[in-house]
Amino acid sequence: MTKASLKQEGLEKIRADFQYLMSIFKEMLQSLGEDELASFILAEPENFYGERPSVNDEKLAQAIGISFELLNLVEENAATQFRRKTETLYGLDSTRGSWGETLVQWQAAGIEVKDMAALLPEINVMPVLTAHPTEAKRLTVLDIHRELYLLLVKKENPLWSTTEQASLRQEIISLLERWWRTGEIYLEKPRLTDERNNLMHYFVNVFPEALRLTDQRLKDAWESMGFAPELLAWPEQFPLLQFGSWVGGDRDGHPFVTPAFTASTLQLHREAAIKMIRNELVALAGKLSFSGYMNPIPADLLTEIEASALKLGAAGQQAIKRNPSEPLRQFVNLMLVRLDNSISSEGLDKARHYRRPSELARDLKRLRAVLIAVGASRIAKQWLFPVERMLRCFGFHLAKLDIRQNSAYHEKAISQILQTSGMEEYDYANWNEEKRLAFLNAELKRKRPFVIAGESCGPEADKLLGYFREVKRYVDRYGADGIGSIIVSMTRSLSDLLLVFLFLREVGLLDAKLPVVPLLETIDDLKAGPEILAAFLDHPTVMAQREEGKTFVQEVMLGYSDSNKDGGILSSRWNIYKAEEALTKVGKGMGVKLCFFHGRGGTISRGGGKIHRFLESMPAGSLSGHIKMTVQGETIANQFANRLNACYNLEMFISGTARQAMLAQNQKQEERLHSIMERLVPMARKSYRSLLDHPRFIDFYSKASPIDVLEQSKIGSRPARRTGQRSLDDLRSIPWVFSWSQSRFNLTGWFGTGTALAQLRQEAPEDFAYLKQAANEIPFLYYRLIQIETNLLLADREIMQAFADLVADETLREEIMDIILPDFEEGLTQIEYLLSAPVGERRFSKIENKRLRNDALRILHEIQLQSLREWRQRKESEPEVSEALLLKLLLLVNALSGGLKSTG
C-alpha cells in the first residue's frame, strides 16, 4: 500500500467516522424532540448538512459547533491511526519528526552511535503552558471531549459483538446529550484558579504517562536500529523533559495575579509533584518483594535501613515492621516516610525529610545499584526506571513557574521605590539610557536595599516586591528548582535587564542567581537584541555567574505575536530568523550556550504550526539542545488532551530538538536565500504597513471585524487590552489575530506576501527563479510558504467582502479592500508557482477538511453578520436586547473557532 493510498484511506475513515457520530447526534436530537434541528443533520456520505432550519439561531449555532468538534475529534483519531499504519508498513522512521526518523538521519550522516548517546542527555526541552485567552471552550466541555475521544478509540476494536456495539452507541448518545445540555461558552470570565486547575490536569494526569510513552518510543527506535542497549538504559542517558507554567507568574497586563496567588501556586505545584512521586514509590514497593534470605542483599544496606528507621522514630519502625525479611521493600517504605514528611512546609532536616529531590535521587540510585548487583537489572529497568525518570523531570516542583512583567511596569516600580527612599531624582522612566546605566552600575556594587521591608512605596512597587518576596520565601525553604525565569517583556535596552537585579537585591534574592531573560517582541527589538545580549553577558553581575565553572546557559525569549502585528508575517519570521542567527553568533563568541524560548501562539500568525517543521526551519547551528516553547490556550487541549496525541507532540518536540542540535543545514544555500530575503522582506513590510498606516484603517477594522464582540468575551482571565486604551498598539495580539480569523480575512497570516512576491518576480526574475528552486530544499522557505498558503486557503473572499460591507463608508471600504484583495490573489498565485504544483494536488487533505466544514461555516457567518449588525445598532439604546444578542454572538464565536480550528 502506497503512502498516497494510506492518506486516501485516512480521508475515507474521517468521512465514515464523522457520518457515524453525526447519525448518533441526529438520533440524540430526535430523542429530545428537536426534530427540525435533527432534520438539518443529514449525516449522509456526501452531504452532512441540509437547508438552514427555522429553529432559533442559538440552537442552530450550538448544533453546528458540536458537529465541528465531532469532526475535529474524528480527524485527530484518524491521524493517530494513520501514523500507526504507516509505521507498521514502512517502519518507525516513516513518521516525520519521530525518533525513528532522527536516528536514521543521524546514521545516514555518518554519526557514531556513541556520539548519539552522548548528545541525548544534553537535550533539555521545556513546554511552557500559558493561560493566554485563546481557549473559547469551557473546561467542562473539554472533559466531555476527552470522554468522547476515548469512546471513539474504543470503537476501533473490530471484535465487538453487535450488542457491545449497540451499548457503545448508547454511551455516545448519553454523552452527546450531556454536551447538548451543557453551556458551550463562559458566561463569566474564568478565574485564575480555573485556569490553574486546567493546567494542573495536564501536569498531573497527562504528562507523566506521556513521558513514559515518549521514552518508550525512543527505546523502540534505538532497538530497531540495532544500537547497543546499554547506551540507553537509565534515566540519566535520556533527554531531559521538564515543564513550565505561566499561570500564577505571568503579570504582564494581568492585574489579578497577586503575590498570594503566586505563593499558593508554588505550594500547589510542590504538593502535587511529591504526591505523584509518592504514588510511584508505593507501586515500586509492591514490586520489590525480594526475600532477604534468597537474595544477597549488601550488609551496608541492611545497616542503613536500621539506622534510618531509628532516626524516623515510630513511623520508621512501622515502615520496617510492615515487610519483615523484605529489605528492599523496607528501604522504599522508609523513603515514603521521609517523602511524606517533606510535604510539610516546616522543619526540613536531612534525617527526617528530603530537602531536595537530589537526596531522594541518591537513594533511588542506591537501590538501582543493589538490584543490578543481585542480577535484577530487568526489574530495575521495568519498575525503578519510571520513578527515577519522573523525579528527574518533575522534581519536587512539578513545573517551573516563570515570572514575567513588562519593562514599563518595572520603570514605574523603581521610580516609586526611589521616591520612597528619599532620592531627589526618582523619575527613572524619563532618564536616558546613559543615566540609567550609570545609576544601575553604581547600585549593583552595593549590598543595601533602598527601603525597609514592609514599607509601602506605591501600587506597582508594592505588587512587584510582594511577588518577589514570595519567591524569596519559596527559594529559602525549598531551593530554586520551582522558579523558571524572570522575563522582561518589551526588552529594549540593557538597563531593562539590569534593573531586575536591583529588584532581586531589594528582597535578598540576588544570590539565588535566577535567570533574567529578555523578551524581544517587536521587529526593532529583535534587531537590537544581539547588542543587548552582548552587553548583558559582559556585565560584571552576569560575568560573576558565568565564571562559576559550570556551563553557562543564557535564555532569550523571542516574541512571535507583536513582531507579526508590527510588520506582517514574512517580516516577523525573517527578523526572528536573523535574530536567532545573530544572537547565536554572540553566544558562541562569548562561550555561552543559548536557550531560545519561543513565545509561540496557537495560530500560524503567532508562530504556531507543526513542531518538527518549526524546528527544522531554524537557522543552522542555532539550536543548542536547550529550548523552551510556550503552548497557549486551545493549543494545550489540541496537543495534549489525549494520551497518544500528547506522546506524539512531545516526541516531535524532543526528537526534533535533538536532530537539529546534531545536524547542520547547508550554509551555501542559506547565504543566497539571505540576500534575496533582505530584498523581499522590506517589500512585504512596506505593503503591510500601507494597510495599517492608512489614516482610517482603525475605522475599517473596528467595523469589518468582530473585535468589539471579542473584547466582551469571557475566554480568559486577562483583559483584552494592556491599559484599556482604544488603539492598535494597546490591543493584545491574540484578539487582533482572532478577529481577522473570525471575519475570514486571516490577513495576519498572509498579508503583504503576495504583493512582495509579485514585485520580486517582476524586478528580479533570476532571484525569483532561485526561490522556486529552493522552495523544496530549504526548510525555512518551504515552511513559510506552506504556512502562508494555509492561511490563504482558510480565508474566504466572499465572506471577507460581506464583513467589509459592514463599513458604511463606501469610499473607505473600497480603498481598504483595493489594498487587501490584490495581495490575496497574488499570494495564492505566486506561492502555487513557487511550489511547482497545483494547490489541489499538494493540499488535498487541507482542501477536503475545509470542504467538510464549508456549508455549515457559511450558515454561521450569515447568522453572525446579521446579529452583529443588530447588536451594534441596539447596544446603546436597548441594553436588555443587546445583552441577548451579545450572548448569541459569543456562542457563534465559539462555534466558528471550532470549525476554523483557530482562535488567537
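A quick note: this is a predicted structure, and the numbers were derived from the prediction, not measured. (Residues numbered from 1 in each chain as written. Predicted model: local features only at pLDDT ≥ 70, side-chain atom pairs only at ≥ 80, totals over all residues. Heavy atoms only, no water.)

**With respect to the overall build of the chain**
And then number 1: For the chain, the helix and strand inventory stands at 37 helices and nine strands.
And then number 2: Over its C-alpha atoms the chain spans a radius of gyration of 29 Å, differing by no more than 12% from the 29 Å that the globule rule assigns to 904 residues.
And then number 3: Taking the principal axes of its C-alpha atoms as reference, the chain extends roughly 90 × 85 × 60 Å.
And then number 4: In the chain, which comprises 904 residues, the proportion classed as buried is 59%.
And then number 5: Summarising the internal contacts of the chain: among those between residues at least 6 apart in sequence, 81% fall at separations of at least 24.
And then number 6: Here the chain has roughly 35400 Å² of accessible surface; of this, 51% comes from carbon and sulfur atoms.
And then number 7: Each charge class in the chain can be summarised by its mean position, and for the 114 positive and 119 negative side chains these summaries are 5 Å apart. (Helix = DSSP H or I, 4+ residues; strand = E, 2+ residues; numbered from the N terminus. Rg over C-alpha atoms; globule rule 2.2 N^0.38 Å. Buried < 20%, exposed > 50% of the residue type's maximum accessible area, 1.4 Å probe, protein only. Contact = heavy atoms within 4.5 Å. Areas by Shrake-Rupley, 256 points an atom, 1.4 Å probe, with all protein chains shown as cover. Lys, Arg positive; Asp, Glu negative; His and termini not counted. Charge placed at Lys NZ, Arg CZ, Asp CG, Glu CD.)

**Focus on the pairing of strand β8 (residues 593-599)**
And then number 1: A large share of β8 lies buried, amounting to six of its seven residues.
And then number 2: Note: β8 against strand β9 (residues 626-632), three bridges, orientation parallel. Along β9, the bridge assignment pairs H598 with M629.
And then number 3: With respect to chirality, the unit in which β8 leads through helix α23 (residues 611-616) into the neighbouring parallel β9 is right-handed. (Pairing = 2+ DSSP bridges. Right-handed = clockwise from strand over helix to strand, strands pointing away.)

**Section: unusual backbone geometry**
Residues apart from glycine generally show negative phi values, whereas peptide bonds are mostly found in trans.
And then number 1: Phi is positive for A43, close to 55 degrees, though the residue is something other than glycine.
And then number 2: Along the polypeptide, A43 turns up in the loop between α2 (35-40) and α3 (57-90).
And then number 3: Of note, S836 is a non-glycine position whose phi angle comes to about 65 degrees, a positive value.
And then number 4: Positionally, S836 belongs in the loop between α34 (810-834) and α35 (839-842).

**Some words on the layout of surface pockets**
And then number 1: Estimates place the volume of the second largest pocket at around 1500 Å³.
And then number 2: Around the second largest pocket, the lining is made up of 49 residues, and of these N124, Q242, K400, D481 and K550 lie nearest the centre.
And then number 3: No other element matches helix α13 (residues 357-373), which puts seven residues into the lining of the second largest pocket.
And then number 4: Classifying every residue of the lining of the second largest pocket by side-chain character gives 23 nonpolar, 11 polar and 15 charged. (1 Å grid on protein atoms, 1.4 Å probe; cavity = no way out; pocket = protein on both sides within 12 Å on 5 of 7 lines; lining within 4 Å. Points joined across faces, edges and corners; volume = space filled by probe spheres on them. Nonpolar A, V, L, I, M, F, W, Y, C, P; charged D, E, K, R; others polar.)

**Observations concerning the side chain of R146**
And then number 1: Turning to its location among the elements, R146 is positioned in helix α6 (residues 139-154).
And then number 2: Within polar-contact distance, the side chain of R146 engages the side chain of D143 at 2.4 Å.
And then number 3: Not counting residues up to four positions away in its chain, the partners in contact with R146 are N198, H201, Y202, A641 and N642. (Polar contact = N/O pair within 3.5 Å; in protein donor to acceptor, adjacent residues only side chain to side chain.)

**Quick notes on a negative patch on the surface**
And then number 1: Taken together, the side chains of E810, E814, E815 and D818 present a region of like negative charge at the surface.
And then number 2: Residue position: E815 is located in helix α34. (Patch = residues over 30% accessible without salt bridge, like charges linked within 9 Å, V, L, I, M, F, W, Y side chains within 5 Å. Salt bridge = Lys/Arg side-chain N within 4 Å of Asp/Glu carboxyl O.)

**Let's talk about the nonpolar core**
And then number 1: One finds F207, L281, L367 and F468 to be the most contacted residues of the largest nonpolar core, which totals 160 residues.
And then number 2: Among the elements that make up this core, the one with the highest residue count is helix α8 (residues 192-224) (12 residues).
And then number 3: If we ignore the near neighbours within four places in the chain, the residues touching F468 are I403, I486, F503, L504, V507 and L509.
And then number 4: Judged by nonpolar contacts, the second largest core, of 123 residues, contains W736, F738, A774 and L892. (Core = buried A, V, L, I, M, F, W, Y, C linked by side-chain atoms within 4.5 Å.)

**What to know about the environment of A361**
And then number 1: Note on placement: A361 falls in helix α13.
And then number 2: Residues A361 and L89, 272 residues apart in the sequence, show an inter-C-alpha distance of 41 Å.

**Some points on the packing of aromatic side chains**
And then number 1: Under the defined criterion, the tally for this structure stands at 35 aromatic pairs.
And then number 2: Their ring planes at 70 degrees and their centres at 6.2 Å tell us that F697 and W736 sit as a pair that is edge-to-face. Of this pair, F697 sits in helix α27 (residues 697-704) while W736 is found in helix α29 (residues 733-742), placing the two residues 39 residues apart along the sequence.
And then number 3: Geometrically, the ring pair formed by W736 and W740 is edge-to-face, given 5.9 Å between the ring centres and 90 degrees between the ring planes. Taken as a pair, W736 and W740 lie in helix α29 at a separation of four residues, close to a single helical turn.
And then number 4: Judged by its relative accessible area of 1%, W736 is buried.
And then number 5: Put simply, the rings of Y202, F203, F207, F243, F394 and F640 pair up and form one aromatic cluster.
And then number 6: The cationic tip of R672 hangs over the ring face of Y770; the distance from NZ or CZ to the ring centre is 4.5 Å.
And then number 7: In this structure, K772 packs its charged tip against the face of Y833, placed 4.1 Å from the ring centre. (Phe/Tyr/Trp six-rings, centres within 6.5 Å; stacked < 30°, edge-to-face > 60°. Lys NZ or Arg CZ within 6 Å of the ring centre and 35° of its normal.)

Coordinates in, geometry out; function isn't part of it.
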